[in-house]
Amino acid sequence: ELMDHTALSRQLRSLTRTCRKFIGEQRPLPARGGDADSVLLAMMEMALSHAQAVQALAEKHFDHGWSALCVARSCFEAGAASAWIGTPSDPFDREGRWIGYFRKLERFYKTKGEMLEGESPGISDQLKSILSSKHGVFKQVLEKHPDIKVVQYPKMRDLLKALKYEHLYIGYIEACE
């Protein structure tokens, strides 16, 4: 049975209002690293933007379902990552999780850059240059605060289990198919 797209739209509108109250109206500055809390706000803003895009697609027509599902997956991943990074009450623990998350992104973009190098010469070096600027920031943060323990970003199933949302994993996998 198909979900009424107007009901989905109402639910997403309610979600975005709630998120907007938490995040605030002012858009966060771009994250520069070394500050997990500002990164969290930026990631929450991105998840909210994705949710609004899903809402807009849902309001148009059900034919946009596959497109909405793609955007919903990005929304889910940004929200899950934000929840995982933001869970610890200790700011040093949040910082360790942010650095672990960034390192996962770094591996992803390094691999993609290498794959695209043949079609876009220089892209691998460009990505390495962009990503290397964060290394200096993280190195300074870790030297200044040796209490920070970098935590490797978990696979989605483990992340959801840690957040006590493992029951959402099957829906996530379905959306990824």
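So, how was this worked out
- Residues numbered from 1 in each chain as written.
- Predicted model: local features only at pLDDT ≥ 70, side-chain atom pairs only at ≥ 80, totals over all residues.
- Heavy atoms only, no water.
- Axes fitted to C-alpha atoms, helices over the stretch in contact; angles between N-to-C directions.
- Helix = DSSP H or I, 4+ residues; strand = E, 2+ residues; numbered from the N terminus.
- Contact = heavy atoms within 4.5 Å.
- Nonpolar A, V, L, I, M, F, W, Y, C, P; charged D, E, K, R; others polar.
- Buried < 20%, exposed > 50% of the residue type's maximum accessible area, 1.4 Å probe, protein only.
- pLDDT = per-residue confidence, 0-100.
- Core = buried A, V, L, I, M, F, W, Y, C linked by side-chain atoms within 4.5 Å.
- Phe/Tyr/Trp six-rings, centres within 6.5 Å; stacked < 30°, edge-to-face > 60°.

1. A word on the packing of helix H3 (residues 65-86) against helix H4 (residues 91-116)
Right, so step 1: Here H3 crosses H4 at 140 degrees, and the two axes come no closer than 8 Å. Across from Ala-81, Trp-84, Ile-85 and Gly-86 in H3, the residues of H4 making contact are Arg-94, Arg-97, Trp-98 and Tyr-101.
Right, so step 2: Residues of the contact of H3 with H4, tallied by class, amount to five nonpolar, one polar and two charged.

2. What about the side chain of Ser-82?
Right, so step 1: Within the secondary structure, Ser-82 sits in helix H3.
Right, so step 2: The exposure class assigned to Ser-82 is buried, which follows from its relative accessible area of 7%.
Right, so step 3: Setting aside chain neighbours within four positions, we find Ser-82 in contact with Leu-40, Met-43 and Met-44.

3. Some words on unusual backbone geometry
Right, so step 1: Even without being a glycine, Lys-164 presents a positive backbone phi close to 65 degrees.
Right, so step 2: One can find Lys-164 in the loop between helix H6 (156-162) and helix H7 (169-176).
Right, so step 3: A relative accessible area of 70% means that Lys-164 is categorised as exposed.

4. With respect to the confidence of the model for the chain
Right, so step 1: Considering every residue of the chain, the mean pLDDT works out to 80; 81% of them sit at 70 or more.
Right, so step 2: Of the regions scoring below 50 in pLDDT, residues 28-33 engages in 11 contacts with residues more than four places distant in sequence or in other chains.

5. Concerning the nonpolar core
Right, so step 1: Counting residues in each nonpolar core, the largest one holds 20 residues, and the members touching the most others are Met-43, Ile-85, Trp-98, Tyr-101, Tyr-153, Met-156 and Leu-159.
Right, so step 2: Among the secondary structure elements, those contributing two or more residues to this core are helix H2 (36-60), H3, H4, helix H5 (123-144) and H6.
Right, so step 3: In contact with Leu-159, not counting residues within four places along its chain, are Ala-80, Trp-84, Tyr-153 and Pro-154.

6. A word on the packing of aromatic side chains
Aromatic ring pairs are reported here in terms of the distance separating the ring centres and the angle at which the planes meet.
Right, so step 1: Here the structure, examined in full by the defined rule, presents nine aromatic pairs.
Right, so step 2: Judged by centre distance (5.0 Å) and plane angle (80 degrees), the ring pair of Phe-108 and Tyr-109 falls under edge-to-face.
Right, so step 3: Overall, the relative accessible area of 41% leaves Phe-108 in the partly exposed class.
Right, so step 4: With a centroid separation of 6.3 Å and 35 degrees between ring planes, the pair formed by Tyr-169 and Tyr-172 is classed as tilted. Here Tyr-169 and its partner Tyr-172 are both found in helix H7, three residues apart, which amounts to about one turn of the helix.
Right, so step 5: One aromatic cluster is present, formed by Trp-84, Trp-98, Tyr-101, Phe-102, Phe-138 and Tyr-153 through successive ring pairs.

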